[in-house]
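Residues per chain are reported as follows:
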Amino acid sequence: MDTVLFEIVELANGDVALQRADDKGEPLLTIHFSEESNFYLQDAKVEVARAMVQAGLEAASEIAEANRTEEGVDDIDEADQGPIQIH
C-alpha cells in the first residue's frame, strides 16, 4: 500500500495550491483569495485553504461512498486505495 502525500503551498502570485509532494508539476487545485479576503485572513490564508481542501476531500469521500452504495459495490478493498496525507 502506497501513501500519497500532498502539500499545500503558497505560490509566488499569492494563490494557495495543492500539489503532490513528490511532483512539482501543475497543481491539482489552486485557491485564489481576493484582496478583501487577504486583508481579513492575513497570515491565516494557508490554514483556511487547508481547511477548505480537507472539507473538499471529506465531501468527495462521502459522495464516492454513496455512489458505491447505490451501485451495490461495498466490497472494495480500501487497502488498495492507500491513505492520503496533506502537509
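Everything below is about the structure printed above this text.
Residues numbered from 1 in each chain as written. Predicted model: local features only at pLDDT ≥ 70, side-chain atom pairs only at ≥ 80, totals over all residues. Heavy atoms only, no water.

Attention now moves to the nonpolar core. Grouped together as the largest cluster of nonpolar side chains are 8 residues: F6, I8, V16, L18, I31, F33, A49 and V53. Breaking this core down by element, the ones donating at least two residues are β1 (4–10), β2 (16–20) and α2 (45–70). (Core = buried A, V, L, I, M, F, W, Y, C linked by side-chain atoms within 4.5 Å. Buried < 20%, exposed > 50% of the residue type's maximum accessible area, 1.4 Å probe, protein only. Helix = DSSP H or I, 4+ residues; strand = E, 2+ residues; numbered from the N terminus.)

A word on α2. End to end, α2 covers 37 Å across 26 residues, agreeing with the expected 38 Å (1.5 Å per residue, within 8%). Considered for burial, the residues of α2 that qualify are K45, A49, V53 and R68. Remark: G72 follows α2 within two positions and exhibits a positive phi of approximately 75°. (Expected span 1.5 Å × (residues − 1).)

The next subject is the pairing of β2. Within a regular strand, the side chains alternate between the two sheet faces. Counting buried positions along β2 gives 4 out of 5 residues, so the element sits mostly inside the fold. Here 5 bridges tie β1 to β2, and the two strands are oriented antiparallel to one another. Bridged to E10 within β2 is V16. Between β1 and β2, which follow one another and run antiparallel, lie 5 residues, and G14 among them has a positive phi close to 95°. (Pairing = 2+ DSSP bridges.)

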